[in-house]
Amino acid sequence: ESQVSSEESSYVNSTTIYVFSEDKQLLVTNKPFECINYLIQKNIIKRSDLETTAIEWLIKHYDVDASQTSIFYFSMHGCKDCQQAEAILSNYVEQLSNVNFIKINRYNDLAYAPDIDYGSLFQAAFEIDWYPTFLIIDQGEHRFIRKTDINRLPERLFGEIHQEEG
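Residues numbered from 1 in each chain as written. Predicted model: local features only at pLDDT ≥ 70, side-chain atom pairs only at ≥ 80, totals over all residues. Heavy atoms only, no water.

**Q** Sorry if this is basic, but what is going on with the pattern of salt bridges here?
**A** Any two side chains of opposite charge can pair, so long as their charged atoms come close to each other. By the definition in use, this model includes three salt bridges. Note that K103 and E86 form a salt bridge whose closest N and O atoms lie 3.2 Å from each other. In this pair, K103 sits in strand β5 (residues 99–105) while E86 sits in helix α3 (residues 80–93), placing the two residues 17 residues apart along the sequence. Of the charged contacts, one joins R152 and E155 as a salt bridge, the two residues approaching to 3.8 Å between their closest N and O atoms. For R152, a relative accessible area of 42% corresponds to the partly exposed category. (Salt bridge = Lys/Arg side-chain N within 4 Å of Asp/Glu carboxyl O. Helix = DSSP H or I, 4+ residues; strand = E, 2+ residues; numbered from the N terminus. Buried < 20%, exposed > 50% of the residue type's maximum accessible area, 1.4 Å probe, protein only.)

Following this line, the structure appears as structure tokens:
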């Protein structure tokens, strides 16, 4: 039986994470991203379960209305592709009033708190390896848009949504 516990450490705003299995210490880290990836690699948790839990948390935390489409936009400050995506999104925000747009900045973009990926938890849960990355939740289903040519982004993001309204 595996067990994960957390204990405040002497570091400011830091938590030490201990991972045990059968009374044996397997991992000590202050990096949630590292802990999550370790637990997945050791088959202690399934990535699909982690992804589902993370999506459920986002829906609850951001009070997402199930009758509306929601686009979670994972961004990184200073990222050229993110800046271009931001310009594209701004053109659609008013046109698609029934779509929730929620921006979550990378873990180290502290100036943009509270909407940051603390501890890189979403980065780990959703295997984000490129910014921007989008999570679209629509009628209980979800899909990701990852590295995409900026010229194809509107079609990939809004093609299906726009057809439904059109």
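**Q** Is there a simple way to explain the sheet that holds strand β7 (residues 141–145) in this structure?
**A** Whether parallel or antiparallel, the strands of a sheet pair through hydrogen bonds between backbone atoms. Strand order in this open sheet of four strands is β5-β4-β6-β7, and the pairing throughout is mixed. Of all the strands in the sheet, the pair left with one neighbour each is β5 and β7. Strand-to-strand twist in this sheet, taken as the mean axis angle between neighbours without regard to direction, amounts to 15°. Sheet analysis places strand β4 (residues 69–75) next to strand β6 (residues 133–138), joined by five bridges and oriented antiparallel. Residue pairing in the sheet places F74 in a bridge with T133 of β6. Along the sheet, α3 makes contact with β4, β5 and β6, crossing β4 at roughly 155°. (Pairing = 2+ DSSP bridges. Axes fitted to C-alpha atoms, helices over the stretch in contact; angles between N-to-C directions. Contact = heavy atoms within 4.5 Å.)

**Q** I'm lost on helix α2 (residues 47–61) in this one. Help?
**A** Residue pairs spaced three or four apart in an α-helix point in one direction, given the helix's 3.6 residues per turn. Look at α2: 21 Å from first C-alpha to last across 15 residues, which is about the 21 Å you get at 1.5 Å a residue. Inspection of α2 places L50, E51, A54, I55 and L58 among the buried residues, and these make up the whole buried set. An end-on view of α2 places all buried positions within 135° of arc, on one side of the element. D63 lies just past α2 and shows a positive phi near 50°. (Expected span 1.5 Å × (residues − 1). Arc of directions from axis to C-beta.)

**Q** What exactly am I supposed to notice about the environment of I116 here?
**A** Within the secondary structure layout, I116 lies in the loop between β5 and α4 (121–125). Between the C-alpha atom of I116 and that of R106, which follows or precedes it by ten residues, the distance is 5.7 Å. Every residue in contact with I116, bar those within four places of it in the chain, is listed here: I104, N105, R106, Y107, D109 and L110.

**Q** When you look at the side chain of T133 in this model, what are you seeing that I'm missing?
**A** Note on placement: T133 falls in strand β6. A relative accessible area of 1% places T133 in the buried class. One polar contact links the side chain of T133 to the main-chain carbonyl oxygen of W130, over a distance of 2.4 Å. Not counting residues up to four positions away in its chain, the partners in contact with T133 are F72, Y73, F74, I128, F144, I145 and R146. (Polar contact = N/O pair within 3.5 Å; in protein donor to acceptor, adjacent residues only side chain to side chain.)

Geometric values such as these leave the question of function open.
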